[in-house]
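Fold and geometry: a report
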Amino acid sequence: MKLIVPDYYNDFCCIADRCKHSCCIGWEIDIDNETLERYRNIGGDFGVRLQDGIETDICGAHFRLGAQERCPFLNREGLCDIILTLGEAYLSQICTDHPRFCSFYSDRTEIGLGLCCEEATRIILFKETETKFSVLDDDGEEEIPTEEEKAFFAQRERLFTLAQDRRKTISERMNDLQREIGLVFPNRSFAEWVDIFLSLECMDDAWKTLLLESRKKSVYDVSSDIPEIIWGQLLVYFLYRHVSDPERDIGGSVLFAILGVYMIRNLFSYLCCREKANKKEELIEICRLYSSEIEYSEENTEQLILFLEKSSQKNERKDDFRYERND
Ligand code: SF4
């Protein structure tokens, strides 16, 4: 069994107290049974504090969030008291893994870094060279991929190549992806897409406000100071993360990857028109919001993929996908 990672994987290190949107705020943090058992065996004052900071319900154990939905072990300096007192080995699995995600196949597990973490986003977007995937670990067992998986990996490889063809613009690359899967991205204006996103479950008011405000604007300047390389990085990220089920037709997931770039690019353009801000940081924040609201909600992701599957057309006319610039 092999562990596959993108080549930026080892560059990640949590920035802890320098993080503007800590994952220790606003999320329910589960505690796996093994860690729970270890916490129950901690004595002294910290053991008492641990017990006080944990609650259990039918879904299992998790940390009892405090004011502003903060993890009770996130201290005022923005550091984790469990790490400071017991060491990193005492983190629950979810805390150790975040912001990593996994896709499982017969012969490999693929791991990536998720955009909902601002530091992961920084690394993914601003990497200048093409993303490559390599073996991080191999236990030496020769697992055999199924025929279905072999065909899936071959097609996904072609998608990565098309998405990273830097001789072409991002629009041309997204057209190439549609030709590869034989589907045309649904023809909707940006305002119509915003309405679809507004109909989904929303967790953070900042996301809703961004959608509503951007919808009012009628002209978008998608050409900006942000180089095309960055949109390509984003596209490869979405493909790696979401084109991950060999048993499912990949069309909807590829269109979902295109939709992610389309939405983030347009929302970013809106913010650039609106104010003179640090563009890099604005872009990171939009990616983080998009990821938290869409990718980290299975329901929202599935609804969008189903919508894309239902409303895309067969690419018989080889139509090109174009950005909608107005309502
Ligand atoms: S969101 Fe990322 S950088 Fe911020 S605290 Fe969590 S893992 Fe660290």
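Up top is the structure.
Residues numbered from 1 in each chain as written. Predicted model: local features only at pLDDT ≥ 70, side-chain atom pairs only at ≥ 80, totals over all residues. Heavy atoms only, no water.

Notes on the packing of aromatic side chains
Here the structure, examined in full by the defined rule, presents 21 aromatic pairs. Centre to centre, the rings of tyrosine 105 and phenylalanine 152 are 5.9 Å apart; their planes meet at 35°, and the pair counts as tilted. Of this pair, tyrosine 105 sits in the loop between strand S5 (100-104) and strand S6 (108-113) while phenylalanine 152 sits in helix H6 (residues 147-163); the two residues are 47 residues apart in sequence, bridging distant segments of the chain. Accessibility expressed as a relative area gives 6% for tyrosine 105, which makes it buried. An aromatic cluster of at least three residues, connected via ring pairs, comprises Phe101, Phe133, Phe160, Phe197, Trp207, Tyr237, Phe238, Tyr240 and Tyr290. (Phe/Tyr/Trp six-rings, centres within 6.5 Å; stacked < 30°, edge-to-face > 60°. Helix = DSSP H or I, 4+ residues; strand = E, 2+ residues; numbered from the N terminus. Buried < 20%, exposed > 50% of the residue type's maximum accessible area, 1.4 Å probe, protein only.)

Structural notes on a negative patch on the surface
A surface patch of negative charge is lined by Asp137, Asp138, Asp139, Glu141, Glu142 and Glu143. Position of aspartate 137 relative to the elements: it lies in strand S7 (residues 133-138). (Patch = residues over 30% accessible without salt bridge, like charges linked within 9 Å, V, L, I, M, F, W, Y side chains within 5 Å. Areas by Shrake-Rupley, 256 points an atom, 1.4 Å probe, with all protein chains shown as cover. Salt bridge = Lys/Arg side-chain N within 4 Å of Asp/Glu carboxyl O. Lys, Arg positive; Asp, Glu negative; His and termini not counted. Charge placed at Lys NZ, Arg CZ, Asp CG, Glu CD.)

Looking at the environment of valine 135
Tracing the backbone shows valine 135 in strand S7. Expressed as a C-alpha distance, the spacing of valine 135 and glutamine 68, which sit 67 residues apart in the sequence, is 40 Å. In this view, valine 135 contacts Lys2, Leu3 and Ile4; residues no more than four positions away in its chain are not counted. (Contact = heavy atoms within 4.5 Å.)

Remarks on the environment of methionine 1
On the secondary structure map, methionine 1 appears in the segment before strand S1 (2-6). Each C-alpha atom, one on methionine 1 and one on glutamine 68, is 42 Å from the other, the two residues being 67 residues apart in sequence. Contact partners of methionine 1, with chain neighbours within four places excluded, come to Tyr105, Ser106, Asp107, Arg108, Thr109, Asp137, Asp138, Asp139, Glu141 and Glu143.

So, the sheet that holds strand S3 (residues 54-57)
Strand order in this open sheet of three strands is S2-S4-S3, and the pairing throughout is antiparallel. Bordering the open sheet on either side are strand S2 (30-31) and S3, each of which pairs with just one other strand. Alignment of S2 against strand S4 (residues 60-63), held across two bridges, turns out to be antiparallel. Note on S4: the bridge partner recorded for isoleucine 31 is alanine 61. (Pairing = 2+ DSSP bridges.)

As for the pattern of salt bridges
Evaluated as defined, the whole model comprises 22 salt bridges. Notably, a salt bridge pairs arginine 156 with glutamate 110, separated by 2.7 Å at the nearest N-O pair. Taken together, the residues span a long stretch of sequence, with arginine 156 in helix H6 and glutamate 110 in strand S6 at a distance of 46 residues. Residues arginine 156 and glutamate 110 agree in their burial class; the two are buried. The closest approach of N and O atoms between aspartate 176 and lysine 168, which form a salt bridge, is 2.9 Å. Taking relative accessible area as the criterion, lysine 168 reaches 31% and is therefore assigned partly exposed.

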